[in-house]
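Chains, contacts and geometry: an overview
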Amino acid sequence: MRHLLSTSDLTRDEALLILDTAAELGRVTDRAVKKLPTLRGRTVVNLFFEDSTRTRISFEAAAKRLSADVITFSAKGSSVSKGESLKDTALTLEAMGADAVVVRHHASGAPYRLAHSGWVGCSVVNAGDGTHEHPTQALLDAFTLREHLRELEGRRVVIVGDVLHSRVARSNVALLSTLGAQVTLVAPPTLLPVGVDTWPCAVSYDLDAALEGADAVMMLRVQNERMNAAYFPSTHEYSRRYGLDTRRAALLADGAIVLHPGPMNRGMEISADVADGPRSVIVEQVTNGVSVRMAVLYLVLGARAEDSAGEASAAEAVSA
Ligand code: CP
């Protein structure tokens, strides 16, 4: 694995390798000293052209737990504001010796451009590009689902809300279907993308019916900042038709879980009672994000290491 750009690129075995590696590397968090020497001497650059809390911080924590040197670049306050291009920014970071670049960008496809243009020779990890993909979010969601539901084969997962603008939904539909789950998207017709009928999932407009007996529900943030038109009549109307409250959460199967990638619009797509309730795994998702991002960095950089023949497996690295 040289780059991680999209969950659509992952086979079932590759996805399971990342999840199993995350489980091994995550064991380090139980230790007093939460650090492994695995990526000592490597440099990871977090290149963030768009705001982020969870993804940026967890990639930073993941790289540091593997002893990599970490440089975090935010477009705000950089020479991007003077008009510097993605190419010149990338060349500058490459010149500083980056071994991996973790990129979040408002433009769909920016990480692909970086990985395949020849501008940089390092590994590229997509940390969310426009409305396209957010592969590490989907991997941490799958990791969390596996922790609670064990096998994902045949499990019913409902993804609800602003699918049109959601890179999380795209990455999850691809990954969860690869892992054998049955995914149903629920959204107002205005918030479903053209061509959704070709995705490997079912589509519904009836949230109550979709939630009945489901094993998990993932609520999506309504992305007001990407909306340039009125996609629904009012916040109240959206919440009434597509919001998750206690009554709706009770329709889920016993043991079912509630996920949200964050940041949440409490009171809109999810009520505070449900977000903080017993079915919610939203905080666990954040914790698992560090383990999954450790696994991704370990695998992309491990695969490129000159001395990879002597590299220990994730299990050996944690046990050492
Ligand atoms: N889920 C997610 O990508 O959150 P951030 O935008 O805070 O990174």
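Everything quoted here is computed from the prediction, not taken from an experiment. (Residues numbered from 1 in each chain as written. Predicted model: local features only at pLDDT ≥ 70, side-chain atom pairs only at ≥ 80, totals over all residues. Heavy atoms only, no water.)

A few points about the side chain of Thr43
With respect to the helices, strands and loops of the structure, Thr43 is situated in strand β1 (residues 43-48). For Thr43, the residues in contact, after removing those within four places along its chain, are Asp69, Ile71, Gly97, Ala98, Asp99 and Ala100. (Helix = DSSP H or I, 4+ residues; strand = E, 2+ residues; numbered from the N terminus. Contact = heavy atoms within 4.5 Å.)

Brief notes about the domain arrangement of the chain
The domain boundaries assigned to the chain delineate domain 1 (7-133 + 288-319) and domain 2 (135-284). If you look at the interface, domain 1 gives 31 residues, while domain 2 gives 28 residues. Summed over both partners, the interface of domain 1 with domain 2 buries about 2300 Å², with 58% contributed by carbon and sulfur atoms. Ranking the residues of domain 1 by area buried against domain 2 places Thr7, Leu19 and Asn288 at the top, with a combined share of 28%. Summed over the shared surface of domain 1 and domain 2, the number is three salt bridges. Linking Asp20 and Arg146 is a salt bridge whose minimum nitrogen-to-oxygen distance equals 3.1 Å. Across the domain 1-domain 2 interface, the total number found is eleven residue pairs in polar contact (both at pLDDT 80 or more). Of all the elements in the fold, those that place two or more residues in the side of domain 1 that touches domain 2 are α1 (12-26), α2 (54-65), β3 (100-105), β4 (123-129) and α11 (282-302). (Domains from an automatic or database assignment. Buried area = accessible area lost by both parts, 1.4 Å probe. Salt bridge = Lys/Arg side-chain N within 4 Å of Asp/Glu carboxyl O. Polar contact = N/O pair within 3.5 Å; in protein donor to acceptor, adjacent residues only side chain to side chain.)

Some thoughts on the environment of Lys34
The residue Lys34 is located in the loop between α1 and β1 in this model. Contact partners of Lys34, with chain neighbours within four places excluded, come to Val28, Thr29 and Arg65. Reaching out from Lys34, the side chain makes a polar contact with the backbone oxygen of Arg31 at a distance of 3.4 Å.

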